[in-house]
Amino acid sequence: MDSDDRIERWFQQYGHDIYNYLAYFTGRRDVEDLVQEVFTKALRALSSYEGRAQPKTWLLTIARHTAIDNRRKQKMMDWFPENVLRLLTSKERTPEKALVLKEQLQEVYEAMNHLKSTYREVLLLRLIEGVSTAETAEILGWSEAKVSTTLHRAIKELQKQMGNSGREVNLHDAIF
């Protein structure tokens, strides 16, 4: 299988995940150019891909660096979109519960904007994207212990931020 075929297959398998990651990371929905850039970089770097990481992990690492580079160029970034409708589409939820969760989710994202960037990154990868601890460690260039510790601290800080808003929010229900 040549490089183009492998990248095309990975695009079919992981393109949506890369898009979602970049959308959350940048706070924008118009990330198609960044997704294209990620796969272009992956094609150019494929000869250096040793297969030690899963392809998705490798692509998310490239996506992270691409987004950081893009942010440096633009000098400004909104971390999370205000409306994340896909998180509210579970069939189990009533319209009333969906509305409450949407409000809670918006509060969670607003509180996340006040966290330091390492906390936001680990929350994004672990809780929102559902990436494993090992993959998160690889993407961020950290140890698994650091990922776990940072996630714990990020959740505590986020809960503290949410407590300061005067409203108790169940983070698990709001995020999932």
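Residues numbered from 1 in each chain as written. Predicted model: local features only at pLDDT ≥ 70, side-chain atom pairs only at ≥ 80, totals over all residues. Heavy atoms only, no water.

(A) Just the pattern of salt bridges, in detail. Taken as a whole and judged by the stated rule, the model has five salt bridges. The salt bridge involving Asp17 is made with Lys56; its shortest N-O contact spans 3.5 Å. Residue Asp17 is located in helix H1 (residues 3-26), and its partner Lys56 is located in helix H3 (residues 55-74); the two are separated by 39 residues in the primary sequence. Of the charged contacts, one joins Glu121 and Arg64 as a salt bridge, the two residues approaching to 2.8 Å between their closest N and O atoms. Of the two residues, Glu121 sits in helix H5 (residues 117-128) while Arg64 sits in helix H3, which places them 57 residues apart along the sequence. The class for Arg64 is buried, based on a relative accessible area of 10%. (Salt bridge = Lys/Arg side-chain N within 4 Å of Asp/Glu carboxyl O. Helix = DSSP H or I, 4+ residues; strand = E, 2+ residues; numbered from the N terminus. Buried < 20%, exposed > 50% of the residue type's maximum accessible area, 1.4 Å probe, protein only.)

(B) Spatial organisation of the nonpolar core. Trp10, Ile18 and Leu22 are the most contacted members of the largest nonpolar core, which totals 48 residues. At the level of elements, H1, helix H2 (32-45), H3, helix H4 (95-112), H5, helix H6 (133-140) and helix H7 (144-164) are the ones that each hand at least two residues to this core. Looking at this core element by element, the count peaks at 10 residues for H1. With sequence-adjacent residues up to four places away left out, Ile18 is seen in contact with Val35, Val38, Phe39, Leu59, Leu60 and Ala63. (Core = buried A, V, L, I, M, F, W, Y, C linked by side-chain atoms within 4.5 Å. Contact = heavy atoms within 4.5 Å.)

(C) Expanded view of H2. Taking 1.5 Å as the rise per residue, H2 with 14 residues should run 20 Å; its terminal C-alpha atoms sit 20 Å apart, in good agreement. Residues Leu34, Val35, Val38, Phe39 and Ala42 constitute the buried set of H2. End-on view of H2: buried residues confined to an arc of 135°, all on one side of the axis. Pointing more than 90 degrees away from the buried face of H2 are the exposed residues Asp33, Gln36 and Arg44. (Expected span 1.5 Å × (residues − 1). Arc of directions from axis to C-beta.)

(D) Local environment of H5. Counting buried positions over the 12 residues of H5 gives nine, a clear majority of the element. Those residues of H5 that sit buried are Tyr119, Arg120, Glu121, Val122, Leu123, Leu124, Leu125, Leu127 and Ile128. At the C-terminal side of H5, Gly130 shows a positive phi close to 70°.

(E) Just the packing of aromatic side chains, in detail. By the definition in use, this model includes five aromatic pairs. Taken together, a centroid distance of 5.3 Å and an interplanar angle of 80° make the contact between Trp10 and Tyr49 edge-to-face. Of this pair, Trp10 sits in helix H1 while Tyr49 sits in the loop between H2 and H3, placing them 39 residues apart in sequence. Each member of the pair, Trp10 as well as Tyr49, is classed as buried. By the ring-pair criterion, three or more aromatic residues cluster together here, those being Trp10, Tyr49 and Trp58. (Phe/Tyr/Trp six-rings, centres within 6.5 Å; stacked < 30°, edge-to-face > 60°.)

(F) Layout of the environment of Thr26. Structurally, Thr26 can be placed in helix H1. Separated by 38 residues in sequence, Thr26 and Arg64 have C-alpha atoms that sit 9.9 Å apart.

(G) Representation of the packing of H5 against H6. The contact between H5 and H6 brings their axes to 10 Å, and the two run at 140°. In this view, H5 runs oblique relative to H6, as classed from their interaxial angle. When the axes of H5 and H6 are compared, the crossing they make is right-handed. Here Glu121, Val122, Leu125 and Arg126 of H5 come into contact with H6, specifically with Thr133, Thr136, Ile139 and Leu140. (Axes fitted to C-alpha atoms, helices over the stretch in contact; angles between N-to-C directions. Parallel < 35°, antiparallel > 145°, perpendicular 65-115°, else oblique. Left-handed = near helix turned anticlockwise from the far one by under 90°.)

(H) Spotlight on a negative patch on the surface. On the surface, Asp2, Asp4, Asp5 and Glu8 cluster together to form a negatively charged patch. You can see Glu8 is positioned in helix H1. (Patch = residues over 30% accessible without salt bridge, like charges linked within 9 Å, V, L, I, M, F, W, Y side chains within 5 Å. Areas by Shrake-Rupley, 256 points an atom, 1.4 Å probe, with all protein chains shown as cover. Lys, Arg positive; Asp, Glu negative; His and termini not counted. Charge placed at Lys NZ, Arg CZ, Asp CG, Glu CD.)

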